[in-house]
Amino acid sequence: MTAPPRVAAPPRVAALIVAAGSGVRAGGDLPKQYRELAGRALVAHAHDAFANHPAIDEVIVVVAPDAQTRARSLLATARIVAGGETRRESVRDGLDHVTAPLVLIHDAARPLVPAAVIDRLIAALVEADGATPILPVADTLARDEGDRLGEVIPRAGLIRIQTPQGFRTAVIREAHARWPEGEEATDDAQMVRRLGGDVRLVQGDAMLEKVTHPQDFATAEARLAYESRSASGFDVHRLEAGEELWLGGVLVPHDKGLSGHSDADVALHALTDALLGTIAAGDIGTHFPPSDPQWKGADSAQFLQHAASLITDRGGRIDFVDLTIICEAPKIGPHREAMRARIAALLDLVTDRVSIKATTTERLGFTGRGEGIAAQAVATVSVPRT
Ligand code: CTP
Ligand code: MG
């Protein structure tokens, strides 16, 4: 009997994100890594890029000793450890917690980390001690002599170094241990090189540009790629005598009203589900269980606004919503503009981005018999690409 060929498991890879700086050059009330880009802290962007990458097994975030509570509130699943006075000390402190044989060391100040760069670094580490992403230098370089132009530095052969940088954990630990105290290094690759280690160059990415100065936030925001997503929602409620008819956020005069646990606004419910669908956040029942007495008679506007806030919390925006209300009566036409205005106000949109349509079912089925009203909705949103 021959044993099946053994395939070696790929080595485990840790991500070590240093976020213990004070961001002096960026200014502002908070250190830059805690300021928001498209609704999420810079450090959360960087953390999620690694946490969501299938090759990364552990993520360790190094923060200032007095920022651990803030970091914990932003990064529920990360290992958070305390850093030091300089970037180098913060890396060294973080390395103590790495258990994987390979580590990618990254600045939280570079919030947008393409998965392809992570892949290139890990591939390079099959043979090398270390690897760093690089970009070419496009501008002419020269010495700054106050208000005078100094000597031009030929840019041929010069490169720009980014993070994340990948290493064999044992090698980068040794480089830190042997680095002379008092001397500063702005990155880790140069430390491994100083030891005589083999550091490979891989292609970097403009997305990795560091946020250093106040104007860099706007540049990073512009670089963030959005993706368009559409999702649908559907709902039905029963029409009964003695109920108010809330439809599309508007009280519509009618001899019957919709019954349900909340105010039973079938149109807002369908729309809420469509919005939740765009971010795969479950459905209205996930967020507002009908079994919960606090939603009895509730104004469905709050369900809709909650769904919208989940989208904006992740830096997304609602581009368009389209509703179809299916009923024999009442006639929707006379109320269409009021519904559009109400929904637009609830979602903080211009009315032009809200469409309301209605149809009968030719007296067929439960809607045709006036036993209930159905609604379907489609929502289109833009969310930062994950
Ligand atoms: N860093 C760190 N520990 C320090 C200093 C810096 O973990 N003692 C981290 C920063 O949080 C940042 C990265 O190292 O993610 C790169 O440093 P830099 O861009 O210089 O950030 P700051 O030091 O915070 O900014 P500044 O130099 O403008 O104060
Ligand atoms: Mg600094």
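Described in the following lines is the structure provided in the data block. (Residues numbered from 1 in each chain as written. Chains lettered and ligands numbered in written order. Predicted model: local features only at pLDDT ≥ 70, side-chain atom pairs only at ≥ 80, totals over all residues. Heavy atoms only, no water.)

**What to know about the nonpolar core**
The tendency in soluble globular proteins is for nonpolar side chains to be buried as a group. Quick note on the threshold: Only buried residues count toward a nonpolar core. Its members are Ala, Val, Leu, Ile, Met, Phe, Trp, Tyr and Cys residues joined through side-chain atoms within 4.5 Å. Only protein chains enter the accessibility calculation, which uses a 1.4 Å probe; a residue is then buried when its area is under 20% of its type maximum, exposed when over 50%, and partly exposed in between. By definition, any uninterrupted DSSP run of H or I lasting at least four residues is a helix, any uninterrupted run of E lasting at least two residues is a strand, and each is numbered from the N terminus. Contacts: residue pairs with any heavy atoms within 4.5 Å of one another.
If you look at the biggest cluster of nonpolar residues, it comprises 42 residues, and the most contacted ones within it are Leu247 and Leu275. Listed by contribution, the elements that provide at least two residues to this core are helix H8 (266-278), helix H10 (301-313), strand E17 (317-326), helix H11 (336-347), strand E18 (354-359) and strand E19 (372-384). Once residues lying within four places of it in the same chain are set aside, the contact partners of Leu275 are Leu304, Ala307, Ala308, Ile311, Ile318, Val321, Leu347, Ala379 and Val381. Judged by nonpolar contacts, the second largest core, of 33 residues, contains Ala15, Ile17, Ile80 and Val117.

**Topic: the sheet that holds strand E16 (residues 256-259)**
Convention followed: Here a strand pair is declared whenever DSSP counts at least two bridges between the two strands. As a rule, the C-alpha atoms of each element are fitted with a line to give its axis, helices using only the stretch in contact, and angles between N-to-C directions run from 0 to 180 degrees.
With mixed pairing, the five strands of this open sheet are ordered in space as E16-E13-E19-E17-E18. The sheet is open, and its two edges are formed by E16 and E18, each paired on a single side. Strand-to-strand, the axes of this sheet are offset by a mean angle of 25 degrees, without reference to chain direction. As paired strands, strand E13 (residues 226-241) and E19 are joined by 13 bridges and run antiparallel to one another. Across the sheet, Ala231 pairs through a bridge with Ala379, a residue of E19.

**With respect to the pattern of salt bridges**
Two side chains bearing opposite charge may form a pair once their charged atoms approach each other closely. So the rule is basically this: Note on definitions: salt bridges are taken to be side-chain nitrogens of Lys or Arg within 4 Å of carboxyl oxygens of Asp or Glu.
Counted under the stated rule, the structure contains 19 salt bridges. The salt bridge partner of Asp93 is Arg92, with a shortest N-O separation of 3.8 Å. Accessibility expressed as a relative area gives 30% for Arg92, which makes it partly exposed. With a shortest N-O distance of 2.8 Å, Glu227 and Arg229 are connected by a salt bridge. According to the relative accessible area criterion, Glu227 is buried, its value standing at 17%. Residue classification places Arg229 among the partly exposed residues on the basis of a relative accessible area of 22%. A single salt-bridge network, built from bridges that share partners, covers Arg88, Arg92, Asp93, Glu181 and Glu184.

**Looking at helix H7 (residues 216-223)**
Here is the rule: Here the arc refers to the set of directions running from the helix axis out to each C-beta atom.
Considered for burial, the residues of H7 that qualify are Asp216, Phe217 and Ala220. For H7, the angular spread of the buried residues around the axis is 105 degrees, confining them to a single face. Of the exposed residues in H7, the ones pointing more than 90 degrees away from its buried face are Ala218 and Ala222.

**So, the environment of Gly204**
One can find Gly204 in the loop between strand E12 (199-203) and H7. A sequence separation of 71 residues divides Gly204 from Pro133, and the C-alpha atoms of the two residues are 4.2 Å apart. Beyond its immediate sequence surroundings of up to four residues, Gly204 is in contact with Arg120, Pro133, Ile134, Leu135 and Gln162.

**Things to note about the packing of aromatic side chains**
Two numbers describe a pair of aromatic rings. These are the distance of the centres and the angle of the planes. How we decide: Note on aromatic contacts: the rings of Phe and Tyr and the six-membered ring of Trp form a pair at centre separations within 6.5 Å, being stacked when their planes are under 30 degrees apart, edge-to-face when over 60 apart, and tilted otherwise. Remark: a charge is flagged as sitting over a ring if the NZ atom of Lys or the CZ atom of Arg is within 6 Å of the ring centre and within 35 degrees of the ring normal.
The tally for this structure, following the rule as stated, stands at three aromatic pairs. Measuring from ring centre to ring centre gives 5.9 Å for Trp295 and Phe303, while their planes differ by 85 degrees; the resulting arrangement is edge-to-face. Residue classification places Trp295 among the buried residues on the basis of a relative accessible area of 13%. According to the relative accessible area criterion, Phe303 is buried, its value standing at 4%. An aromatic cluster is present here, built from Phe288, Trp295 and Phe303 joined pairwise through their rings. Of note, Arg317 hangs over the ring of Tyr226, and the distance from its end group to the ring centre comes to 5.3 Å.

**Quick look at the site of ligand 1**
Defined as follows: Nearness is defined per residue: one heavy atom within 4 Å of the molecule or strand is enough. N or O atoms within 3.5 Å of each other form a polar contact, as long as, within protein, one can give a hydrogen and the other can take it, and as long as residues adjacent in sequence are counted only when both atoms are side-chain atoms. Per-residue and other accessible areas were derived by the Shrake-Rupley procedure at a 1.4 Å probe size, with only the shown protein chains allowed to occlude residues. Residues are grouped as follows: Ala, Val, Leu, Ile, Met, Phe, Trp, Tyr, Cys and Pro are nonpolar; Asp, Glu, Lys and Arg are charged; every other residue, Gly included, is polar.
Not every one of the 19 residues close to ligand 1 is listed here, only the nearest: Val18, Gly23, Val24, Ser90 and Lys210. Between ligand 1 and Ser22 there is a distance of 3.2 Å, counted from an oxygen atom to a backbone nitrogen or oxygen. Contacts to ligand 1 include Glu85, whose backbone N or O atom sits 3.1 Å from a nitrogen atom. Notes on ligand 1: free accessible area 560 Å², of which the protein chains cover 87%. Classifying every residue of the shell around ligand 1 gives six nonpolar, seven polar and six charged.

**Regarding the packing of H8 against H10**
Counted only if it meets this: Throughout this description, any angle smaller than 35 degrees is read as roughly parallel, any larger than 145 degrees as roughly antiparallel, any in the 65 to 115 degree range as roughly perpendicular, and the remainder as oblique. Here a crossing is taken to be left-handed if its near helix is turned anticlockwise relative to the far helix by less than a right angle, and right-handed if that turn runs clockwise.
Contact pair H8 / H10: the axes reach a minimum separation of 9 Å and the direction vectors enclose 15 degrees. Our classification of the angle between H8 and H10 gives roughly parallel. For the pair H8 and H10, the sense of crossing is left-handed. Only Ala301, Phe303, Leu304, Ala307, Ala308, Leu310 and Ile311 of H10 make contact with H8, whose side of the interface consists of Leu268, His269, Leu271, Thr272, Leu275, Leu276 and Thr278. Residue composition of the contact of H8 with H10, by class: eleven nonpolar, three polar and no charged.

These values are about where atoms sit, not about what they do.
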